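What follows is each chain in one-letter form.
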Amino acid sequence: MKNRLPVDQFQDHLRNLKVHKSMGYDEMHPQVLRELADEAAKPLSVIFEKSWQSGEAPTDWKRGIVTPIFKTGKKEDPGNYRPVSLTSVPGKIMDQILLETMLWHTGNREVIGDSQHGFTKGKLCLTNLVAFCDGVTVLVDKGRATDVIYLDLCKAFDTVPHNILVSKLERHRFDGWTALWIRDWLDGCTERVVVSGSMSKWRTVTSGVPQGKFASDTKLCGVVNMLEGRDAIQRDLERLERWACVNSMKFNKAKCKVLHVGRRNPKHNYKLGGE
C-alpha cells in the first residue's frame, strides 16, 4: 500500500455518498459530508492517515447502533427480524478505501479464485447465476447427470472469528499497518439496540464484523453418471466440513439442499457432518 492517502480519493468518496443512508453514533450525516466534500476531504484525510499509520481506529468508528428490520412471519417473534448495524459514515469511507487497496493486492497475488463472485469487483449475483447455469447446461446437453449441492453457513456474519480473519491477512502478506489497523478496528467494537426510542446498554462485540463483507452461500457440483463422481462430491463435502470446524464456522444444514439434474440421474444421497 502507498504511504500516503491522497485527498482527491476522499473527495470522490464523499461526493458519492448516498444521502438517504442513516448516520452512525457520531451523528455525522452523509448528506452534510457530501455537500461539504471539498472542505471535509483535507481534515478527514489527515485523520484517516494518522489512524492508519498508528494502527488505531477512533472509538466512535467502532460503535454501532443496531436496528431490527422485519423480514417475514409473525412480527411478535424476535427471530423474524434482521439486525442492521448503523456505523460511522467516515469510518465506512476509511473501510472502503482500505477494501479497495486490499482487493487490488489480492487481485495481483491471485488470492481470490474466479469462482468467487460476491463482493468482488465486476462480479455480482447475476454473473454468478449466469456462469453457473451455463456450466451446468453444457454438462446436461452432453448427457451428463449432474448433482448440485447448495450450502449455507449459519450466521456467518455474526460468528466469523476476528483472530482468524487477521491471521489470513497476515498470511497473504498485507502490510503491517493494514493488518494492525483492522485488528484494532475489530477489537473492542461495541453496539446497542435501539427500538422506538428505547436503548439497550452498550455491549462488546466478541465475534463477527460490524459491516457485512463476506458472502455466506456457496455451492458445488459434479458429474454423477459414475459412482466415482458421487464419491468426489462427498469428499468435497467432508473437506468443507473440516474447513468449517477449523475456522469455527457451522453449516445451517436445514438450508443445505441437493439439486439433481439430467436424465437418468441416480439421485445419490450425501452427508454433511454425518447428517
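Whatever comes next refers back to the structure up there.
Bear in mind the structure is a predicted one, so any value in this text is a computation, not a measurement. (Residues numbered from 1 in each chain as written. Predicted model: local features only at pLDDT ≥ 70, side-chain atom pairs only at ≥ 80, totals over all residues. Heavy atoms only, no water.)

(A) View of the packing of aromatic side chains. A complete count under the given rule lists six aromatic pairs for this structure. Plain terms: the ring middles of Phe-48 and Trp-61 are 5.2 Å apart, the flat faces sit at 90° to each other, and that makes the pair edge-to-face. Residue Phe-48 is located in helix 3 (residues 37-54), and its partner Trp-61 is located in the loop between helix 3 and strand 1 (63-70); the two are separated by 13 residues in the primary sequence. With a relative accessible area of 8%, Trp-61 lands in the buried category. Through successive ring pairs, a cluster of aromatic residues spans Phe-10, Phe-48 and Trp-61. The aromatic ring of Trp-202 is capped on one face by Arg-63, whose charged end is 4.8 Å from the ring centroid. (Phe/Tyr/Trp six-rings, centres within 6.5 Å; stacked < 30°, edge-to-face > 60°. Helix = DSSP H or I, 4+ residues; strand = E, 2+ residues; numbered from the N terminus. Buried < 20%, exposed > 50% of the residue type's maximum accessible area, 1.4 Å probe, protein only. Lys NZ or Arg CZ within 6 Å of the ring centre and 35° of its normal.)

(B) Quick peek at the sheet that holds strand 8 (residues 257-261). Judged by pairing direction, the sheet is antiparallel, and its three strands sit side by side in the order 7-3-8 without closing on themselves. Looking at the sheet topology across the chains shown, the edges are occupied by strand 7 (217-223) and strand 8. The mean angle between the axes of side-by-side strands here comes to 20°, regardless of whether they run parallel or antiparallel. Sheet topology note: the strand 3 (residues 146-152)/strand 8 ladder contains five bridges and is antiparallel. Looking at the pairing, Tyr-150 lines up with Lys-257 of strand 8. (Pairing = 2+ DSSP bridges. Axes fitted to C-alpha atoms, helices over the stretch in contact; angles between N-to-C directions.)

(C) Quick peek at the side chain of Asn-247. Residue position: Asn-247 is located in the loop between helix 9 (227-246) and strand 8. Exposure remark for Asn-247: the relative accessible area of 8% places this residue in the buried category. Those residues in contact with Asn-247 that lie beyond four places of it in its chain are Pro-161, Ile-164 and Lys-168. (Contact = heavy atoms within 4.5 Å.)

(D) Representation of unusual backbone geometry in the model. Residue Glu-27 is not a glycine yet carries a positive backbone phi of 60°. As for its position among the elements, Glu-27 is in the loop between helix 1 (7-15) and helix 2 (30-35). Taking the relative accessible area as the measure of exposure, Glu-27 reaches 60% and is therefore exposed. The phi angle at Ser-196 is positive, at roughly 50°, despite the residue not being glycine. The exposure class of Ser-196 is exposed, given its relative accessible area of 77%.

(E) Structural view of helix 3. Helix length check: helix 3, at 18 residues, gives a terminal C-alpha distance of 25 Å against a target of 26 Å (1.5 Å per residue), a fit within 8%. Within helix 3, the axis deviates most sharply at Pro-43, by approximately 25°. Of all the residues in helix 3, the buried ones are Ala-37, Ala-40, Ala-41, Leu-44, Ser-45, Phe-48, Glu-49, Ser-51 and Trp-52. In the stretch just after helix 3, Gly-55 is the one whose phi turns positive, near 75°. (Expected span 1.5 Å × (residues − 1). Bend = angle between axes of the 7 residues up to and from the residue.)

Function cannot be inferred from these measures alone, as they are strictly geometric.
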